[in-house]
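Here is how the chains run, residue by residue.
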Amino acid sequence: MSTKKFRIAMQKKGRLSVETTELLESCGLKINKREDRLIAHVENMEIDILRVRDDDIPGLIMDHVVDWGVVGENVLEETTLERQQEGLPVGYNLVRKLDFGGCRLSLAIPVEQEWKGVQSLEGLKIATTYPNLTKRYLDQQGVNFKTVLLTGSVEVAPRAGLADAICDLVSSGATLEANGLKEVQVVYRSKAVLIQRDQELYPEKQAIADTLIRRIDGMIQAHGSKYIMLHAPKDKVKEITALLPGAENPTLLELAGNSTHVAIHVVSTETLFWETMEKIKALGASSILVLPIEKMLK
Ligand SMILES: Nc1ncnc2c1ncn2[C@@H]1O[C@H](COP(=O)(O)OP(=O)(O)OP(=O)(O)O)[C@@H](O)[C@H]1O
Ligand SMILES: O=P(O)(O)OC[C@H]1O[C@H](OP(=O)(O)OP(=O)(O)O)[C@H](O)[C@@H]1O
Ligand SMILES: [Mg+2]
């Protein structure tokens, strides 16, 4: 199934929804966000946004219902394994890895228990929302176990007597700690990804995809870049620019009413550490500014 309008599936509510909306809006999409609508229209482009549960996003891509989707790699991989078993199509193209939704799927056990390695899980009950990723990992380790499938509140399972251990998502570890559990083994590391259905797109849709990818790349590049400005004594320009990360071609500008100093402007893809700033200052530089860059088009 395919419609004329470019369709993007995103999580309606949860860990990925705010940053996905920010990503799309930073690409210039004006999303009409009337609450509780499955489909949100984009006012200034031929795009519809489908707001769904994250678990449904890989299937919508693999069944060619939507053109793009933003989802965690954990859900993408789990769905792929599940659909492979069911003989359903699992094709998709990775468009870009994104810089949010970072988490890991980990095994965790009650804090008071001694951890003697994954082999000690042999024959035990493990509660998880990710049965396929958990099984793939433990099969590789040669460990047999019983799955207790839960779609939420997995962390309470050991205390409730439902399972001996869990395999769930961890980021800060606060949820595990609050439930008297400790992380003992990472099973899968995940970030959000932008994926596309694996059929050729109509030319109009491909044009939209190309524009959005260019803009996303501009955002990704800008995100890791800084604009550095400072005033420097003319006779120290060489020494100072040698210290600036990635400053092969700095811009030098005259300063009004000052014949001994110039302004140096540099776009840097690296971090300017305090230590470097202090060295530059010791060489006579002043007014050192490090500014974030919002967008970049090369
Ligand atoms: N603590 C976290 N920090 C960062 N990213 C996370 C965290 N927990 C989960 N994620 C990522 O965000 C995705 C969505 O997590 P969330 O907890 O909102 O999902 P959910 O409860 O399954 O929501 P839904 O109602 O859409 O099914 C996860 O699949 C994972 O990729
Ligand atoms: O290690 P932490 O930083 O504590 O994060 C981990 C928690 O975050 C996610 O749930 P979320 O808070 O999104 O709520 P949910 O259980 O309703 O999905 C995940 O399922 C864990 O429970
Ligand atoms: Mg979900």
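Residues numbered from 1 in each chain as written. Chains lettered and ligands numbered in written order. Predicted model: local features only at pLDDT ≥ 70, side-chain atom pairs only at ≥ 80, totals over all residues. Heavy atoms only, no water.

1. Let's talk about the sheet that holds strand 15 (residues 286–292)
Which entries qualify depends on this criterion: Whether two strands pair depends on DSSP finding at least two bridges between them. Think of it this way: any DSSP run of H or I at least four residues long counts as a helix, any run of E at least two long counts as a strand, and we number them from the N terminus. Only C-alpha atoms enter the line fits that serve as axes; for helices the fit covers just the stretch in contact. Angles between N-to-C directions range over 0 to 180 degrees.
Within the open sheet, the four strands sit side by side as 13-14-12-15. Their pairing is antiparallel. A strand with exactly one partner marks an edge of an open sheet, and here the two such strands are strand 13 (251–255) and strand 15. With direction set aside, neighbouring strand axes in the sheet form an average angle of 20°. As judged from the five bridges shared by strand 12 (residues 226–233) and strand 15, these two strands associate in the antiparallel manner. Opposite Lys 226, over in strand 15, you have Pro 292 as the bridge partner.

2. Structural notes on the side chain of Thr 21
Stated precisely, the cut-off is as follows: The criterion used for residue contact is that any of the two residues' heavy atoms lie within 4.5 Å.
Along the chain, Thr 21 falls in helix 1 (residues 17–26). What Thr 21 contacts, discounting residues up to four positions off in sequence, is Met 10, Ile 31 and Lys 33.

3. Observations regarding the packing of aromatic side chains
Applied cut-off: Between the rings of Phe, Tyr and Trp (Trp by its six-membered ring), a pair exists once the centres lie within 6.5 Å; its type follows the angle of the planes, with under 30 degrees stacked, over 60 edge-to-face, and the other angles tilted. Three exposure classes are used, based on accessible area relative to the maximum for each residue type with a 1.4 Å probe and protein chains only: buried under 20%, partly exposed in between, and exposed over 50%.
With the rule as written, the count across this model stands at one aromatic pair. When the ring of Phe 6 is compared with that of Trp 68, the centres are 5.3 Å apart and the planes differ by 80°; the resulting orientation is edge-to-face. Taken together, the residues span a long stretch of sequence, with Phe 6 in strand 1 (residues 6–11) and Trp 68 in strand 4 (residues 68–72) at a distance of 62 residues. There is no split in this pair, since Phe 6 and Trp 68 are both buried.

4. Points about the domain arrangement of the protein chain
To keep things clear, this is the line we draw: Domain segmentation is taken from an automatic or database assignment of domains. Summed over both partners, the accessible surface that disappears when two parts come together, traced with a 1.4 Å probe, is what is meant by buried area. Here, a salt bridge means any Lys or Arg side-chain nitrogen found within 4 Å of an Asp or Glu carboxyl oxygen.
Along its sequence, the protein chain is organised into domain 1 (6–101 + 192–222), domain 2 (103–190) and domain 3 (225–292). Of note, the centres of domain 1 and domain 2, computed from C-alpha atoms alone, are 29 Å apart. Listed per partner, the contact involves ten residues of domain 1 and ten residues of domain 2. Summing both sides of the interface, domain 1 and domain 2 together bury roughly 970 Å²; the carbon and sulfur share of this comes to 46%. Our count for the contact surface shared by domain 1 and domain 2 stands at one salt bridge. As a salt-bridge pair, Glu 77 and Arg 136 come within 2.7 Å of each other at their nearest N and O atoms.

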